[in-house]
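The residues making up each chain are set out below.
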Amino acid sequence: MIRNTNVEVKQEVINNINREMMETNPCNKGVNGGSSIPSRVSRKTKPTDTIVNINGVKVGGSEIVVIAGPCAVESREQLFETARSVRTAGAHILRGGAFKPRSSPYSFQGMGEEGLKLLYEIRKETGMPVVTEVMDTRQVEMVAQYADMIQIGSRNMQNYPLLKEAGICRKPVLLKRGMMATIDEYLMAAEYVLSHGNEQVILCERGIRTFETSTRNTLDLSAVPVLKRLTHLPVIVDPSHGTGVRWMVPPMAKAAVAVGADGLIMEVHYNPEAALCDGYQSLSLDEFDSLMCDLRKIAQAVGREILARKTTAI
Ligand code: PEP
Ligand code: MN
């Protein structure tokens, strides 16, 4: 019964959007003349910065927000110990994948709903909002019940049905840049979410595929000032996937803050060597703590602050 109502509401939203698309040209010319910047994400349409509010944590203002946690939720102990530690070090939002997009079908695929329940539990204990990935339209409704923000990963940046579903869902969306996506394609993907009714979108540069093989991806930090110029949406950086190498995460995180990122998302694990997913690029608890101290100095040097939060033990 309830589900039918939802479907009807969604169909009405989609009909309205289709009508609007037919009646108006949603694109205008970008700052470089040649590219088409879609209208809803464009700074020309809305010159002021959009602030995305993730259950009280605001991203896109002068204060820099740090999202930290494991690549994947692996167990209660792993998640809870990591979450408590990153919170004490000053992180604002907890990350952790319950549904993992793995290159190999034989790799750990995530804990699914059990992982979401653990995220929900530690979210209540620590007071930290939670972000977790959705890979499928059929997961959006369920994930949105547990998470404060839904993540659309690099591999799904051009999954149009998923972007539409995220637009209809009323949770903030962390939209990662596709590893093969141009800035124009990326902004058009964000436009999908906005045009379906959800303006709470955060962009995330997470590295693109180039000819270079010494890093997992090439972290395109030039995307940060470009995006900040073209769009009013907040822009954060993921130096973990952007480099794929633990020792490179701190220098690139600092560089991201220096070039104007509104936040960072980083993988942290209580025992990186034993991680089931992305351990080689995960910071240890001590490394994360020490990086947070350095980031405060870099932020100050560029006229910003890392968002203040209580660092007292829970
Ligand atoms: C992740 O955040 O764990 C992830 C899979 O990221 P990406 O989509 O950027 O590869
Ligand atoms: Mn990962």
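About the cut-offs
- Residues numbered from 1 in each chain as written.
- Chains lettered and ligands numbered in written order.
- Predicted model: local features only at pLDDT ≥ 70, side-chain atom pairs only at ≥ 80, totals over all residues.
- Heavy atoms only, no water.
- Helix = DSSP H or I, 4+ residues; strand = E, 2+ residues; numbered from the N terminus.
- Buried < 20%, exposed > 50% of the residue type's maximum accessible area, 1.4 Å probe, protein only.
- Contact = heavy atoms within 4.5 Å.
- Areas by Shrake-Rupley, 256 points an atom, 1.4 Å probe, with all protein chains shown as cover.
- Near = heavy atom within 4 Å.
- Polar contact = N/O pair within 3.5 Å; in protein donor to acceptor, adjacent residues only side chain to side chain.
- Nonpolar A, V, L, I, M, F, W, Y, C, P; charged D, E, K, R; others polar.
- Axes fitted to C-alpha atoms, helices over the stretch in contact; angles between N-to-C directions.
- Parallel < 35°, antiparallel > 145°, perpendicular 65-115°, else oblique.
- Left-handed = near helix turned anticlockwise from the far one by under 90°.
- Donors = N, O, S within 2.8 Å, 3.2 Å for Na, K, Ca; no water.
- pLDDT = per-residue confidence, 0-100.

Some details on the overall build of the protein chain
Secondary structure summary: the protein chain contains ten helices and 13 strands in total. Burial status across the protein chain gives 54% buried among its 314 residues. Sequence-distant contacts, at least 24 apart, represent 70% of the contacts inside the protein chain between residues at least 6 apart. On the protein chain, roughly 13800 Å² of surface is accessible, and the fraction owed to carbon and sulfur atoms is 53%.

Points about the site of ligand 1
As a matter of local geometry, ligand 1 sits amid 13 residues, with Arg95, Lys100, Ser154, Lys176 and Arg206 nearest to it. Arg95 is positioned such that a nitrogen or oxygen atom in its side chain is 2.9 Å from an oxygen atom of ligand 1. Note that an oxygen atom of ligand 1 is positioned 3.0 Å from one of the side-chain N or O atoms of Gln151. In terms of residue class, the shell around ligand 1 is built from two nonpolar, four polar and seven charged.

As for the packing of helix α2 (residues 76–89) against helix α3 (residues 113–126)
Running from amino to carboxyl end, α2 crosses α3 at an angle of 30 degrees, the nearest separation of the two axes being 10 Å. In terms of orientation, α2 and α3 fall into the roughly parallel class. Between α2 and α3 the crossing geometry is right-handed. In this structure, α2 uses Arg76, Leu79, Phe80, Ala83, Arg84 and Arg87 to contact α3, whose residues at the interface are Leu118, Leu119, Glu121, Ile122, Glu125 and Thr126. When the residues that make up the contact of α2 with α3 are grouped by side-chain class, the tally is six nonpolar, one polar and five charged.

Points about the coordination of the manganese ion (ligand 2)
All of the protein donors around the manganese ion (ligand 2) are Cys71 (SG), His241 (NE2), Glu267 (OE) and Asp278 (OD); their distances to the metal are 2.0 to 2.4 Å. Going along the chain, you hit the donors of the manganese ion (ligand 2) in the pattern C-x169-H-x25-E-x10-D. Of the two residues, Cys71 is situated in the loop between β5 (63–69) and α2 and Glu267 in strand β12 (residues 263–267); the sequence distance between them amounts to 196 residues. By relative accessible area, which is 2% here, Cys71 ends up buried.

Details of the confidence of the model for the protein chain
Of all residues in the protein chain, 87% attain a pLDDT of 70 or more, and the chain-wide mean is 92. Low pLDDT, under 50, characterises residues 22–33; the stretch is placed with 25 contacts to residues that sit more than four places away or in other chains.

Quick look at the side chain of Asn156
Note that Asn156 resides in the loop between β8 (149–152) and α5 (160–168). Excluding anything up to four places from it in sequence, Asn156 contacts Glu133, Val134, Met135 and Leu162.

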